[in-house]
Amino acid sequence: DARVTQTPRHKVTEMGQEVTMRCQPILGHNTVFWYRQTMMQGLELLAYFRNRAPLDDSGMPKDRFSAEMPDATLATLKIQPSEPRDSAVYFCASGLSRGRTNEKLFFGSGTQLSVL
Amino acid sequence: LAKTTQPISMDSYEGQEVNITCSHNNIATNDYITWYQQFPSQGPRFIIQGYKTKVTNEVASLFIPADRKSSTLSLPRVSLSDTAVYYCLVGPHRDNQGGKLIFGQGTELSVKP
C-alpha cells in the first residue's frame with residue numbers, strides 16, 4: 001500500500017537545538033500539509049504546499065519554523081531553535097488536488113517531538 | 001473558511017447505529033464536506049466526502065440536507081474498534097488555487113461492549 005512516510009517517529013531534544021522532520025509524500029500526490037497536534041490545541045495546520053510551492057504557512061511561528069519541499073519526494077519541517085512549547089506530534093499529509101473536490105488526505109504516522 | 005461545530009463526545013454500545021452531526025452554517029457554494037477518523041497514536045484517516053444529499057461507502061454514510069448547513073456521519077452497527085475521534089471538515093473550492101483544510105475539535109466516540 002502507498003503510504004506517507006515520516007521520520008523520525010520519535011525525537012527528544014533539548015531546548016535550543018535544531019529539529020528537522022522529514023516527510024515522503026505518496027508518489028504522484030501534488031499537495032503536502034503539515035499539522036501539529038497537542039491535547040490543548042488539537043490539530044493545527046502549520047503549512048501546505050501544492051506542486052512544491054508553499055501556498056500558506058500562516059500557521060507557523062515564522063521566527064523559528066520553516067517548511068520546504070526540495071523535491072516532489074521530500075518535504076521538511078525545521079524548528080530552530082526548538083522550545084519546550086514545541087513538544088507535540090507533527091503530522092504530514094499528502095493528497096492529489098484535481099478538479100473541484102477537496103483532496104483525500106493521507107496522513108503519516110507522525111513525529112512525536114519532546115523538547116526538554 | 002467555514003467553521004464547523006460538532007459534539008465533543010458521544011457514547012454508544014456495540015451493534016448500535018451512531019450518528020454524528022456537524023454544523024457548518026457558513027458553508028460556501030463550492031465547499032465539500034469531508035470526515036476523518038483518528039485513532040490514538042495515528043494520523044487521521046479519510047472516511048467519506050460529499051457535496052449534497054447522501055453518500056455511502058463501505059464504512060459509513062453521509063447525509064447532507066438541502067441547505068447544506070449541517071451534515072451527519074452515520075456509522076452502522078459500531079464495534080469497539082470504532083472508538084476514535086471523528087472530524088468534520090468543510091474545505092474551500094480548489095479551482096487551481098489550493099486551499100486550507102482546517103480540522104475542528106472533533107467528536108470523541110466511545111463504543112462500549
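Please refer to the structure placed before this passage.
Just so it is clear, the model here is predicted, and its values are computed rather than measured. (Residues numbered from 1 in each chain as written. Chains lettered and ligands numbered in written order. Predicted model: local features only at pLDDT ≥ 70, side-chain atom pairs only at ≥ 80, totals over all residues. Heavy atoms only, no water.)

### Structural notes on the overall build of chain B
Then, in step 1: Counting its secondary structure elements, chain B contains zero helices and nine strands.
Then, in step 2: Walking chain B from its N terminus toward its C terminus, one meets helices and strands in the order β-β-β-β-β-β-β-β-β.
Then, in step 3: Rg of the C-alpha trace for chain B: 14 Å, near the compact-globule value of 13 Å for 113 residues, within the 12% margin.
Then, in step 4: If you line up chain B on its principal axes, its C-alpha atoms span 45 × 30 × 25 Å.
Then, in step 5: The burial tally for chain B puts 49% of its 113 residues in the buried class.
Then, in step 6: Taking as baseline every contact in chain B between residues at least 6 positions apart, the subset at least 24 positions apart corresponds to 57%.
Then, in step 7: Within chain B, the 9 negative side-chain charges are centred at a point lying 6 Å from the centre of the 10 positive side-chain charges. (Helix = DSSP H or I, 4+ residues; strand = E, 2+ residues; numbered from the N terminus. Rg over C-alpha atoms; globule rule 2.2 N^0.38 Å. Buried < 20%, exposed > 50% of the residue type's maximum accessible area, 1.4 Å probe, protein only. Contact = heavy atoms within 4.5 Å. Lys, Arg positive; Asp, Glu negative; His and termini not counted. Charge placed at Lys NZ, Arg CZ, Asp CG, Glu CD.)

### Thoughts on the sheet that holds strand E1 (residues 5-7) of chain A
Residue and element names in this part refer to chain A.
Then, in step 1: The strand order across the open sheet formed by four strands is E1-E3-E8-E7, and the pairing between neighbours is antiparallel. Since the sheet does not close on itself, it has two edges, and those belong to E1 and strand E7 (65-71), each with one partner. Strand-to-strand twist across the sheet, computed as the mean angle between neighbouring axes with direction ignored, equals 20 degrees.
Then, in step 2: Relative to strand E8 (residues 74-79), strand E3 (residues 19-24) runs antiparallel, the two sharing five bridges. Pairing of arginine 22 across the sheet is with threonine 76, part of E8. (Pairing = 2+ DSSP bridges. Axes fitted to C-alpha atoms, helices over the stretch in contact; angles between N-to-C directions.)

### Some remarks on the sheet that holds strand E5 (residues 53-56) of chain B
All names here are of chain B.
Then, in step 1: The strand order across the open sheet formed by four strands is E2-E7-E6-E5, and the pairing between neighbours is antiparallel. What marks the edges here is a single partner per strand, and that holds for strand E2 (18-23) and E5. With strand direction ignored, the average angle separating the axes of adjacent strands in the sheet is 15 degrees.
Then, in step 2: Pairing geometry for strand E6 (residues 61-64) and strand E7 (residues 70-75), over three bridges, is antiparallel. Each bridged residue has a counterpart across the sheet, and for phenylalanine 63 the counterpart in E7 is threonine 72.

### Considering the environment of B:Cys88
Residue and element names in this part refer to chain B.
Then, in step 1: Topologically, cysteine 88 is positioned in strand E8 (residues 84-91).
Then, in step 2: Along the chain, cysteine 88 and threonine 72 lie 16 residues apart, while their C-alpha atoms are 9.3 Å from each other.
Then, in step 3: If sequence neighbours within four positions are ignored, cysteine 88 has contacts with Thr4, Gln6, Cys22, His24, Ile33, Thr34, Trp35 and Ser71.

### Quick notes on the state of the cysteines
Then, in step 1: In this structure the tally under the stated criterion is two disulfides over all chains.
Then, in step 2: Sulfur-sulfur distance for the disulfide between A:Cys23 and A:Cys92 comes to 1.9 Å. Note on the A:Cys23 and A:Cys92 pair: the S-S dihedral is about -60 degrees, so by sign convention the disulfide is left-handed. Separated by 69 residues along the polypeptide, A:Cys23 in strand E3 and A:Cys92 in strand E9 (residues 88-95) bring together distant segments of the chain. Neither residue differs from the other here; A:Cys23 and A:Cys92 are each classed as buried.
Then, in step 3: Here B:Cys22 is linked by a disulfide to B:Cys88, with a sulfur-sulfur distance of 2.2 Å. Looking along the S-S bond of the B:Cys22-B:Cys88 disulfide, the torsion reads about -75 degrees, which is the left-handed sense. One end of the pair, B:Cys22, is in strand E2; the other, B:Cys88, is in strand E8, with 66 residues separating them in the sequence.
Then, in step 4: Residue B:Cys22 is classed as buried on the basis of its relative accessible area, which comes to 0%.
Then, in step 5: Overall, the relative accessible area of 0% leaves B:Cys88 in the buried class. (Disulfide = S-S within 2.5 Å.)

### Concerning the nonpolar core
Residues and elements named next belong to chain A.
Then, in step 1: Met21, Trp34, Met60, Ala67, Leu77, Ile79 and Tyr90 are the most contacted members of the largest nonpolar core, which has 22 residues in total.
Then, in step 2: For this core, the secondary structure elements donating two or more residues are E3, strand E4 (31-38), strand E5 (42-50), E7, E8, E9 and strand E11 (111-115).
Then, in step 3: In this structure, methionine 21 is in contact with Thr7, Trp34, Ala75, Thr76, Leu77, Ile79, Tyr90 and Thr111, ignoring residues within four places of it in sequence. (Core = buried A, V, L, I, M, F, W, Y, C linked by side-chain atoms within 4.5 Å.)

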